[in-house]
There are 2 protein chains.
Amino acid sequence: MNAQLPTTPDTTPLAIICGAGSLPFAVADAAVRGGRRVVLFALKGAADAERMTGYPHHWVRIGQFGSIRRIARTEGCRDVVFIGSLIRPTIRQLWPDFTTLFLVPRLIRLLRGGDNRLLLGVTEIFEENGFRLIGADQVAPEIRMPRGALGRRAPIERDWADIKCGLALLHATGPFDVGQAVVVADNRILAMEAAEGTDEMLAHLAEMRRNGRVRSPVGVGVLVKAPKPGQDRRVDLPAIGPATIEGVANAGLAGIAVVAGSAIVAEAERMAAVADSAKIFVIGIDADGTRDA
Amino acid sequence: MNAQLPTTPDTTPLAIICGAGSLPFAVADAAVRGGRRVVLFALKGAADAERMTGYPHHWVRIGQFGSIRRIARTEGCRDVVFIGSLIRPTIRQLWPDFTTLFLVPRLIRLLRGGDNRLLLGVTEIFEENGFRLIGADQVAPEIRMPRGALGRRAPIERDWADIKCGLALLHATGPFDVGQAVVVADNRILAMEAAEGTDEMLAHLAEMRRNGRVRSPVGVGVLVKAPKPGQDRRVDLPAIGPATIEGVANAGLAGIAVVAGSAIVAEAERMAAVADSAKIFVIGIDADGTRDA
């Protein structure tokens, strides 16, 4: 008999590198439901410490690639998923370990550019070291945003015009490796996401409306999210969650439109309930803005 | 002898409709230096009341087109200049007088779209009523941003790369009737102006850097301003002033680049001094990012 250990991808434990929010746990649960073991790598300063206790996990700092590699190899991991939100670090905020130290010149170059470029570079570093990066939505297809409305509400005619406008703008800014979200109200662009992230863009819009810097009728306007062209779906999928709905409600908008299949949503059922109680629509659309039949 | 009054454009007093800031006074001073009388229409809630006392003026509300028309005709004005910053009103914030009331359905349509569209519509209303709208920079060519550096500092190689990137992005978003300014640092888009205005975009970026939401090295990055394609230069010229320099310094950036001739600057000499003491460069560039020889 051959004594070789089973090392096919499906039987090795899945390494999940966890940023903030509930998505890492939704992915871990989905993998476990699919019969796969998981090992969570909780990023310090980002991952949810309380929920982490329910899963096999290791705490790591973002710049400690050497530790991650060592632990992942010890655990027998080959497949790696990046999931959860993360504020982009500066080179000074990295705590490089001995291995990462050799990568610093490369990381400095990667930090001079947009998020796409940075994430692509980090992906390459993992792959050069024998890991295989896979998309969270491959492990957990159930977290992909479905086509159509999540709750009971749906966009009206005016909202569809705003959705079209937002998608066209995101299409134009796509090549610039910039934000993945805009707010459009009555064909007017109220906000564009750059480095601040969607939640902060919405919070800022809400504040500007409170203090009168931006004036626009309440209950009008759509948050439109779409993937960037050339975005690596394995490491940077647009995501929405209950906080997105809250942000949209606080900003006095009518709803959220995301390109179906290309965005992820942590808990679709809970999202639908939250959306209904906030009187916000959440709709999965086609990339060209075609409405759900 | 013919008793006709002299009514050629050059001898009629110039009506200056004044928003916030010091630009209205720079334009008024330039017109007076050129030998022309001026009548200032101070918009309530925007124009600087203290400085207004030094000029012949009337206070008006933004929606009171009937009053403006009546006073302007009484004063013998034919040429009108719009100048100074203004927060876009909602239809509810307009205080329409009897004349404007008839324009409300039209104003509602105009408010459903970007600023270009709104301003174009307001221009048409003035012109239909026999006024001639002229650009502030036609009355006062000295307020046009010159080519080259205003102070002693100039962009370095890295800044030129950011300027090129910012101009390309503004070129891409131009057709969407959206903001006229972006912040680029090391080829990464840190902020894009939508409805909030340049000063607020900079203040928000400064805040996000303070609270760690956006991380980027201090002293790197450029505010890039360019006119929109199709922008009516008579009513909406990008402007910079000492507040812009302060905003850029607070946001930890290296400097400001504006398309020469297409932006206006209230007090160029004072700006140069403020820029030097803040260690910020302010440069007038070509629309394609060509550097000053």
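Everything below is about the structure shown above.
Residues numbered from 1 in each chain as written. Chains lettered and ligands numbered in written order. Predicted model: local features only at pLDDT ≥ 70, side-chain atom pairs only at ≥ 80, totals over all residues. Heavy atoms only, no water.

Student: Please clarify how the overall build of chain A should be interpreted in this entry.
Tutor: Secondary structure assignment for chain A yields 11 helices and 13 strands. Counting all 293 residues of chain A, 56% fall into the buried class. A sequence separation of at least 24 residues applies to 73% of the contacts in chain A between residues at least 6 apart. As displayed, chain A has an accessible area near 12900 Å², and 53% of this comes from carbon and sulfur atoms. (Helix = DSSP H or I, 4+ residues; strand = E, 2+ residues; numbered from the N terminus. Buried < 20%, exposed > 50% of the residue type's maximum accessible area, 1.4 Å probe, protein only. Contact = heavy atoms within 4.5 Å. Areas by Shrake-Rupley, 256 points an atom, 1.4 Å probe, with all protein chains shown as cover.)

Student: Even after reading the chapter, I still don't get the sheet that holds strand S4 (residues 79-83) of chain A, so can you show me in this structure?
Tutor: The pairing of strands in a sheet happens through backbone hydrogen bonds and is either parallel or antiparallel. Residues and elements named next belong to chain A. The strand order across the open sheet built from five strands is S3-S2-S1-S4-S5, with neighbouring strands paired in parallel fashion. Each edge of the open sheet carries a strand with a single partner, namely strand S3 (57-60) and strand S5 (132-133). Across two bridges, the pairing between S4 and S5 is parallel. Of the residues in S5, the one forming a bridge with Val80 is Leu133. (Pairing = 2+ DSSP bridges.)

Student: Honestly, helix H9 (residues 198-210) of chain A in this entry has me stumped. Any pointers?
Tutor: Since one α-helical turn is 3.6 residues long, residues separated by three or four positions face the same way. If you check H9 of chain A, its first and last C-alpha atoms are 18 Å apart, about what 13 residues at 1.5 Å a residue would give, namely 18 Å. Inspection of H9 of chain A places Thr198, Glu200, Met201, Leu202, His204, Leu205, Ala206, Met208 and Arg209 of chain A among the buried residues, and these make up the whole buried set. Along its buried surface, H9 of chain A packs onto strand S7 (181-185), strand S8 (188-192), strand S9 (222-225) and helix H10 (242-250) of chain A together with helix H9 (198-210) of chain B. Just past H9 of chain A, the residue Gly212 of chain A takes up positive phi, approximately 80 degrees. (Expected span 1.5 Å × (residues − 1).)

Student: Teacher, can you tell me more about the nonpolar core here?
Tutor: Grouped burial of nonpolar side chains is what soluble globular proteins tend to show. Core analysis: the biggest nonpolar cluster contains 46 residues, and Ile189 and Met192 of chain A together with Ile189 and Met192 of chain B have the highest contact counts within it. Setting aside residues up to four positions removed in sequence, Met192 of chain B forms contacts with Val178, Met192, Glu193 and Ala194 of chain A together with Leu169, Ala181, Val182 and Met201 of chain B. (Core = buried A, V, L, I, M, F, W, Y, C linked by side-chain atoms within 4.5 Å.)

Student: For this particular structure, what's the right way to read helix H11 (residues 268-278) of chain A?
Tutor: Residues and elements named next belong to chain A. All of the buried residues in H11 are Met271, Ala272, Ala275 and Asp276. Seen end-on, H11 carries its buried residues on one side only, within an arc spanning 130 degrees. Set apart from the buried face of H11 by more than 90 degrees, the exposed residues are Glu269 and Ser277. Elements that come into contact with the buried residues of H11 comprise strand S10 (239-240), H10, strand S12 (264-265) and strand S13 (281-285). Two residues or fewer after H11 comes Lys279, characterised by a positive phi angle close to 60 degrees. (Arc of directions from axis to C-beta.)

Student: Honestly, the packing of aromatic side chains in this entry has me stumped. Any pointers?
Tutor: The relative placement of two aromatic rings is captured by the distance of their centres and the angle of their planes. Residue and element names in this part refer to chain A. Under the definition given, this model contains eight aromatic pairs over all chains. With a centroid separation of 5.3 Å and 35 degrees between ring planes, the pair formed by Phe25 and Tyr55 is classed as tilted. Of the two residues, Phe25 sits in helix H1 (residues 23-33) while Tyr55 sits in the loop between helix H2 (49-52) and S3, which places them 30 residues apart along the sequence. Both rings, one in Phe82 and one in Phe126, keep their centres 5.2 Å apart while their planes meet at 80 degrees; by these two values the pair is edge-to-face. Within this pair, whereas Phe82 is found in strand S4, its partner Phe126 is found in helix H6 (residues 115-128), the two being separated by 44 residues in sequence. As far as burial versus exposure is concerned, Phe82 and Phe126 are alike and both buried. Each member of the aromatic cluster is reached from another via a ring pair, and the members are Phe65, Phe82, Phe126 and Phe131. (Phe/Tyr/Trp six-rings, centres within 6.5 Å; stacked < 30°, edge-to-face > 60°.)

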